[in-house]
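# Observations on the model geometry
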Amino acid sequence: MQTHPVPASSGQSESDRQNATTPEQLGLFDPLPPDAAPAELPAPLETPVTPKRWNWKGLAIALLGMVGLGLGGWQWWSARVNPPQSAIAQGQNASAKAGGQPPRPVEVTTLQPGMGYSEIQLLGQVEASQQSTLRAQTGGIIQELKIETGDRITPGMTIAILDDSDQRLAVAQAQAQLAQQRSHLARLEAGTRPEIIAQRQAAVKTALAREGSAQDQLQRIRDLVREGAFAQRQLVEAQAALETTRSQRLEAQAELAEAQAGPIQAEIAAQRANVTAAAAGVNQAQLAQRRTRILATSSGIVQTRQVSLGDLVQVGSPIATLIAADQLDVLLEVPESLSGQVTAGNSVALSSQALPQWQQRATIAALMPAADPASRRQRVRVPLKNPPQGLLAGMAVEAKLVQVNQRASFVVSRDVLTQRQGKWMVFTIVNEQAKSMPVEMVTDMGLQVAIASPTLRAGQTIVSRGGDGLRDGMKVKVVGQ
């Protein structure tokens, strides 16, 4: 099989033509055996050119070689840019073996004893410490009502006026009874008049005359009965008439003796008591009339009004409710879990969203002896002295209670602590090496904590920063305190 030379392009240099690789050199075509006779070239225009046969095996080998070269180059480049971690570790180990690990820089601090404290947030509301209800002290129909909700009331101010018609009639009746009792007392104190004594004496004489006449009549009838002129029955009747006149005579004599002796002191004293009772009745009636004008007995602000004009009220009916705006208490609710931690005398810092600029410290005055059945929270009372303007009963209040832990501890920054496997520890420095020491967190105060440990002492140096990556025995270098 004959091989035709490949014509060179017009732009190809002589060196390029010499270095060019022919298809036979790449093994893409099968070469002719050495003993094969060259065939004659066909005519250029008469016989078509037969295409050469491809060597597919050689082509596959060439392609695989090119792919292998590309993968090798990519791995070399990746190794140059991102060396593997094992190589880094090996380099570090070699560096450590050669010169040793450098000391870890840390900052240290000195332990100082202190008390931890915790802040408890409590919620509550403002309530009036003094609240009163004005009630009617007598019955009647409201003729005038002189208050509205929100009015400020002072003692002695008229709240309402009732119809006093019944009270005026009661006063007149009581005054008449008093006049009658006073007149009787005056007669007793003046004694018996002479004309009454003369009248009583005349009554006695009349009674004596009747008794004498009855005595004579009895004697005549007795004689006639003995003679048989009258029956025995007439004698009995005459005897009865004599006894009647005798009793009348005795009664007249007693009245005359009473009139002549005058009233006794006991009778006069009893009548004086009757006069006093009648005077008290007059005062009671007049008081009921005055009570038709309902007056305020204390100062405050009208919170609610329970009646309207024309209502009929009875004794004890509520008229209005007053609250003292300048005497307020804050009732705080303590969660059930903190009931034993809050006591009377604890200081709290009060604030309210309704008054952003207001903050005041106050003292817990008393604890309610029972928890609220609905919320299971205990309520504590905090009196307010000089409450601010605008703080009203019913407003919500927040309180911050600071409790100091009396347990002996050290107050340090939170950066000092390191937690591993659920346990807290700090690092001390012994012979320029780190040493861990377990501690107990007594109080968490945010940026600071209170810790305790039987192995720690005041003035001891511990690592304040850089302890997260430390291990026991690791060399450290103090760079700051």
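Residues numbered from 1 in each chain as written. Predicted model: local features only at pLDDT ≥ 70, side-chain atom pairs only at ≥ 80, totals over all residues. Heavy atoms only, no water.

## Section: the sheet that holds strand β11 (residues 318–323)
The condition that has to hold: Being paired, for any two strands, means DSSP has found at least two bridges between them. Think of it this way: any DSSP run of H or I at least four residues long counts as a helix, any run of E at least two long counts as a strand, and we number them from the N terminus.
Strand order in this open sheet of four strands is β4-β11-β9-β6, and the pairing throughout is antiparallel. On the outer flanks of this sheet lie β4 (131–135) and β6 (152–153), each paired with one strand and no other. The pairing of strand β9 (residues 300–305) with β11 spans four bridges and is classified as antiparallel. Looking at β11, one finds that R305 is bridged to A320.

## What to know about helix α6 (residues 194–227)
For clarity, the threshold we go by: By definition here, a helix of n residues has an expected span of 1.5 Å times n minus one. The cut-offs for exposure are 20% and 50% of the maximum accessible area for each residue type, with area from a 1.4 Å probe on protein chains only; residues under the lower value are buried, those over the upper are exposed, and the others partly exposed.
Compared with the 50 Å implied by 1.5 Å per residue over 34 residues, the 50 Å span of α6 between its first and last C-alpha is a close match. Within the span of α6, buried status applies to V204, A207, E211, A214, L218, I221 and V225. In the segment just after α6, G228 is the residue with positive phi, at about 90°.

## Details of the pairing of strand β22 (residues 440–444)
Across four bridges, the pairing between β22 and strand β23 (residues 448–452) is antiparallel. Each bridged residue has a counterpart across the sheet, and for D444 the counterpart in β23 is V449. Turn length for the β22-β23 hairpin, with the two strands adjacent in sequence and antiparallel, is three residues, and the turn residue G446 shows positive phi of about 95°.

## Structural notes on the sheet that holds strand β8 (residues 293–295)
If you trace the four strands from one edge of the open sheet to the other, you get β8-β7-β5-β10, paired in antiparallel fashion. Edge strands, defined here as strands with exactly one partner in the open sheet, are β8 and β10 (312–313). For strand β5 (residues 140–145) and strand β7 (residues 158–162), the ladder comprises three bridges, and the chain directions are antiparallel. Bridge assignment links I142 to a residue of β7, and that residue is L162.

## As for a negative patch on the surface
Cut-off, in case you're wondering: Every patch collects residues that have over 30% relative accessible area and no salt bridge, joining them within 9 Å if they carry like charges and within 5 Å if they are nonpolar side chains (Val, Leu, Ile, Met, Phe, Trp, Tyr). Computed with the Shrake-Rupley method and a 1.4 Å probe, the accessible areas treat only the protein chains shown as cover for residues. In the sections that follow, a salt bridge refers to a side-chain nitrogen of Lys or Arg positioned within 4 Å of a carboxyl oxygen of Asp or Glu. Only four residue types enter the tally: Lys and Arg on the positive side, Asp and Glu on the negative side; His and the chain ends are excluded. For this purpose, a charge sits on NZ of Lys, CZ of Arg, CG of Asp or CD of Glu.
On the surface, E251, E255, E258 and E267 cluster together into a patch of negative charge. With three residues, helix α7 (residues 232–261) is the single largest residue contributor to the negative patch. Within the secondary structure, E255 sits in helix α7. When its relative accessible area of 31% is taken as the criterion, E255 is described as partly exposed.

## What to know about helix α8 (residues 265–290)
Each α-helix turn comprises 3.6 residues. Residues three or four places apart therefore point the same way. With 26 residues, α8 ought to run about 38 Å at 1.5 Å a step, and its terminal C-alpha atoms sit 37 Å apart, in line with that. Of the residues making up α8, those classed as buried are I268, Q271, V275, A278, V282 and A285.

## Considering the pattern of salt bridges
By the definition in use, this model includes 12 salt bridges. Among the salt bridges present, the one from R465 reaches D415, with a minimum N-O distance of 3.9 Å. Separated by 50 residues along the polypeptide, R465 in strand β24 (residues 461–465) and D415 in the loop between β18 (409–413) and β19 (418–420) bring together distant segments of the chain. What makes D415 partly exposed here is its relative accessible area of 44%. Among the charged side chains, a network of salt bridges with common partners joins E211, E243, R246 and R249.

## Remarks on the nonpolar core
Operational definition: Joining through side-chain atoms within 4.5 Å is the link that ties buried Ala, Val, Leu, Ile, Met, Phe, Trp, Tyr and Cys residues into a set, and such a set is a nonpolar core. When checking whether two residues touch, look at their non-hydrogen atoms; a contact exists if any pair is within 4.5 Å.
One finds V330, L332, V348, L350, V382 and L384 to be the most contacted residues of the largest nonpolar core, which totals 25 residues. Discounting chain neighbours no more than four positions away, the residues touching L384 are L328, D329, V330, L350, W358, Q360 and L391. Within the second largest apolar cluster, 16 residues are counted, among which are L134, V307, I319 and L322.

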